[in-house]
Amino acid sequence: MRTLIRGGTVVNSGGPFPADVLVDGETIAAVAAPGLFTDADTVIDATGRYVLPGGIDAHTHMEMPFGGTSSSDTFATGTAAAAWGGTTTIIDFAVQAKGASLLATLDRWHEKAGGHCAVDYSFHMIVSDVNDTSLKEMESCVAAGVNSFKMFMAYPGVFYATDGEILRAMTKARETGAMVMMHAENGIAIDQLVAQALADGRTDPVHHSLTRPPELEGEATHRAIALAAVTGAPLYIVHLSSRHALDAVTAARDSGQNVFAETCPQYLFLSIEDMARPDFEGAKFVCSPPLRPADHQLDLWRGLRTNDLSVVSTDHCPFCFAGQKELGRGDFSRIPNGMPGVEHRMDLLHQGVVRGEISLSRWVEISATTPARMFGLYPRKGVVAPGSDADLVVYDPTATQVLSAATHHMNVDYSAYEGMELVGRVETVLSRGSVVVADGAFHGREGHGRFLDRDLCQYLR
């Protein structure tokens, strides 16, 4: 089947240009001057629209166990919601439990996702148990196309790794060319602050943020960077939320160190004020690191413009308000950490274009092209070019929409952005040449998505 997308403005990380896009089967056959091609089985009129590479969300948590419950989106529902929002690839996390094998964990996540995803997917590996066996298994994971390993300086007793364990894993990453991803918060100090708050009767959701101050994110980020410098390993800071952490990343990058960072839409558009909403509504916004005072947003947008923040992912980890977030009534430390967002990332970031925070090409770069290069998927993904997968989004930059739980497609009972008015909307989405969203309807299918065996990061010096 040949599909012609004609009359649109193609937007790659290098900038926009008028072009028609010819798709042959699952790949892009040509990107050519308007009107050059006329013969196709299907024609999509993109007049007045952008034609974008499909978004890549490099940080999601479908069906993730946490605190006695699991995130509410399955791989089927979560990837369908991603497609609705113009994201055609996700990279999820396989979660090693203490005492478990990395390879057995990877097999389990393949069983969870295989045959269920509506768009293409890959995995990072969460390493929570550093020992001789798991370090050896990191080599096997790299051979299996999983070459990024997340570690935690937070959550003592669950995921927490000591500095010595981090050092050992980073050394292995340097030897194999893999990437260490770091949740950088000082979990030991945070647990003490949490205990003090609860003992003082400070139990409301806002205290989740107040007991995880930005100084402790900045300290942990600086420490992770120092450990990476000692080992020579590359480092990727996940879900960076504060100027304190950004300052540490900026200094490392200015010195030439292989340090990268992502932020998330919630840190760009929401704040601690949302966590202070009355009647336990603030629980909807509990995530880690937490939402910060609104003035941090200015620094994060600046970091995106200067490339000190390289990627915007969602950390999509939804828990329903009823029955899940409510587990923390009377004790904020029991609120499941995570927020929904995979469906709205592309649209929210477009508001940065509308407001002049980022350029049109930078929007594509941070949402598609850089994630593809960072995690070994480029040029198969992340660009509108001949030979690339036909993951394409036809985007209407003038349409308006209002975000709401009543209309979103994520399997969660609230929207973190309820009532927010946006300019721009996804109109048509193709995944490997197949139309999965068009005319306000979902045309995809469970099992269409394929596992992506990834190469190494393409940014390492």
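Before any of the text, the structure's been laid out above.
This structure is a prediction, so every number in the text was calculated from the model and none was measured. (Residues numbered from 1 in each chain as written. Predicted model: local features only at pLDDT ≥ 70, side-chain atom pairs only at ≥ 80, totals over all residues. Heavy atoms only, no water.)

Chemist: Can you explain the overall build of the protein? Please cite residues and give values.
Modeler: Looking only at helices and strands, the protein has 13 helices and 21 strands in total. For 461 residues, the compact-globule estimate of 2.2 N^0.38 gives 23 Å, and the C-alpha radius of gyration of the protein, at 21 Å, lies within 12% of that figure. Reported as C-alpha extents along the three principal axes, the dimensions of the protein are approximately 70 × 50 × 40 Å. Across the 461 residues in the protein, those meeting the buried criterion constitute 62%. Within the protein, contacts between residues separated by at least 24 positions form 76% of all contacts whose residues are at least 6 apart in sequence. Within the structure as shown, the protein displays about 15,600 Å² of accessible surface, and the carbon and sulfur contribution to it stands at 50%. For the protein, the centre of its 36 positive side-chain charges and the centre of its 55 negative side-chain charges are spaced 3 Å apart. (Helix = DSSP H or I, 4+ residues; strand = E, 2+ residues; numbered from the N terminus. Rg over C-alpha atoms; globule rule 2.2 N^0.38 Å. Buried < 20%, exposed > 50% of the residue type's maximum accessible area, 1.4 Å probe, protein only. Contact = heavy atoms within 4.5 Å. Areas by Shrake-Rupley, 256 points an atom, 1.4 Å probe, with all protein chains shown as cover. Lys, Arg positive; Asp, Glu negative; His and termini not counted. Charge placed at Lys NZ, Arg CZ, Asp CG, Glu CD.)

Chemist: An account of the nonpolar core is requested, with residue identities and associated values reported.
Modeler: Ranked by internal contacts, the top residues of the largest apolar core, which has 131 residues, are Met-182 and Leu-235. Among the nonpolar cores identified, the runner-up in size contains 14 residues, and Val-51, Ala-390, Leu-392 and Val-394 belong to it. (Core = buried A, V, L, I, M, F, W, Y, C linked by side-chain atoms within 4.5 Å.)

Chemist: Outline the pairing of strand S14 (residues 179-183), listing residues and values.
Modeler: Within S14, five of the five residues are buried, which leaves the element mostly enclosed by the surrounding structure. Burial of the side chains of S14 extends over both faces: Met-179, Met-181 and His-183 are buried on one face and Val-180 and Met-182 on the other. The pairing of strand S13 (residues 148-152) with S14 spans five bridges and is classified as parallel. Each residue of the ladder has a partner; that of Lys-150, found in S14, is Met-181. (Pairing = 2+ DSSP bridges.)

Chemist: Provide a residue-level description of the layout of surface pockets, including the pertinent values.
Modeler: If you add up the space inside the largest pocket, you get close to 680 Å³. In terms of lining, the largest pocket is formed by 31 residues, of which the most central are Phe-66, Gly-67, Tyr-155, Val-158 and Phe-159. Listing elements by their share of the lining of the largest pocket, those giving two or more residues are strand S9 (65-66), helix H2 (102-113) and helix H5 (187-199). Of the residues assigned to the lining of the largest pocket, the class counts are 18 nonpolar, eight polar and five charged. Computed from the structure, the second largest pocket encloses a volume of approximately 300 Å³. Trp-84, Glu-343, Gln-401, His-409 and Arg-425 are, among the 18 residues lining the second largest pocket, the residues nearest its centre. Of all elements in the fold, only strand S18 (392-402) and strand S19 (421-431) reach the threshold of two or more residues within the lining of the second largest pocket. At three residues, S19 tops the list of elements feeding residues into the lining of the second largest pocket. Class assignment of the residues belonging to the lining of the second largest pocket gives a composition of five nonpolar, eight polar and five charged. (1 Å grid on protein atoms, 1.4 Å probe; cavity = no way out; pocket = protein on both sides within 12 Å on 5 of 7 lines; lining within 4 Å. Points joined across faces, edges and corners; volume = space filled by probe spheres on them. Nonpolar A, V, L, I, M, F, W, Y, C, P; charged D, E, K, R; others polar.)

Chemist: So, the side chain of Asp-391: which residues are in play, and what are the values?
Modeler: Locating Asp-391 in the fold gives a position in the loop between helix H13 (360-374) and S18. Looking at Asp-391, the relative accessible area reads 4%, which means it is buried. Here the side chain of Asp-391 touches Arg-432 through a polar contact of 2.7 Å, landing on its backbone nitrogen. If sequence neighbours within four positions are ignored, Asp-391 has contacts with Leu-52, Pro-53, Gly-54, Thr-88, Thr-89, Lys-381, Leu-430, Ser-431 and Arg-432. (Polar contact = N/O pair within 3.5 Å; in protein donor to acceptor, adjacent residues only side chain to side chain.)

Chemist: Any details on empty space enclosed by the protein? Residues and values, ideally.
Modeler: Evaluated as defined, the whole model comprises two cavities of 30 Å³ or more. Surrounding the largest cavity, 15 residues form its lining, His-61, Tyr-155, Ser-288, Asp-315 and Asn-337 being those nearest its centre. Computed from the structure, the second largest cavity encloses a volume of approximately 50 Å³. Lining the second largest cavity are 13 residues, with Asn-147, Met-179, Met-374, Leu-456 and Cys-457 sitting closest to its centre. For the lining of the second largest cavity, a count of residues per class yields seven nonpolar, four polar and two charged.

Chemist: Go over the environment of Leu-193, please, and point to the residues and values.
Modeler: Within the element layout of this structure, Leu-193 appears in helix H5. Spatially, the C-alpha atoms of Leu-193 and Asp-299 are 26 Å apart, while their sequence positions differ by 106 residues. For Leu-193, the contacting residues outside a window of four places in its chain are Thr-211, Pro-213 and Leu-216.

Chemist: Describe the sheet that holds strand S5 (residues 27-32), and please don't skip the residues or the numbers.
Modeler: Ordered in space as S5-S4-S1-S6, the four strands form an open sheet in which the pairing is mixed. Bordering the open sheet on either side are S5 and strand S6 (42-45), each of which pairs with just one other strand. Between one strand axis and the next, the sheet turns through 20° on average, direction left out of account. As paired strands, strand S4 (residues 20-24) and S5 are joined by five bridges and run antiparallel to one another. When the sheet's bridge partners are listed, Asp-20 is paired in S5 with Ala-32. (Axes fitted to C-alpha atoms, helices over the stretch in contact; angles between N-to-C directions.)

Chemist: Got a sec to walk through the environment of Val-23? Specific residues and values, please.
Modeler: Relative to the helices and strands, Val-23 resides in strand S4. Using a relative accessible area of 1% as the deciding quantity, one classes Val-23 as buried. Between the C-alpha atom of Val-23 and that of Ser-388, which follows or precedes it by 365 residues, the distance is 9.8 Å. When near neighbours in sequence (up to four residues on either side) are disregarded, Val-23 contacts Met-1, Arg-2, Thr-3, Ile-28, Ala-29, Ala-390, Leu-392 and Gly-433.

Chemist: Tell me about the packing of helix H4 (residues 163-176) against helix H7 (residues 214-231), and name the residues and values.
Modeler: The N-to-C vectors of H4 and H7 enclose an angle of 45°; their axes lie 9 Å apart at closest approach. By the angle between their axes, H4 is oblique relative to H7. Between H4 and H7 lies a crossing whose hand is right-handed. Listed contacts from H7 to Asp-163, Ile-166, Leu-167, Met-170, Thr-171 and Arg-174 of H4 are Arg-223, Ala-224, Leu-227, Ala-228, Val-230 and Thr-231. (Parallel < 35°, antiparallel > 145°, perpendicular 65-115°, else oblique. Left-handed = near helix turned anticlockwise from the far one by under 90°.)

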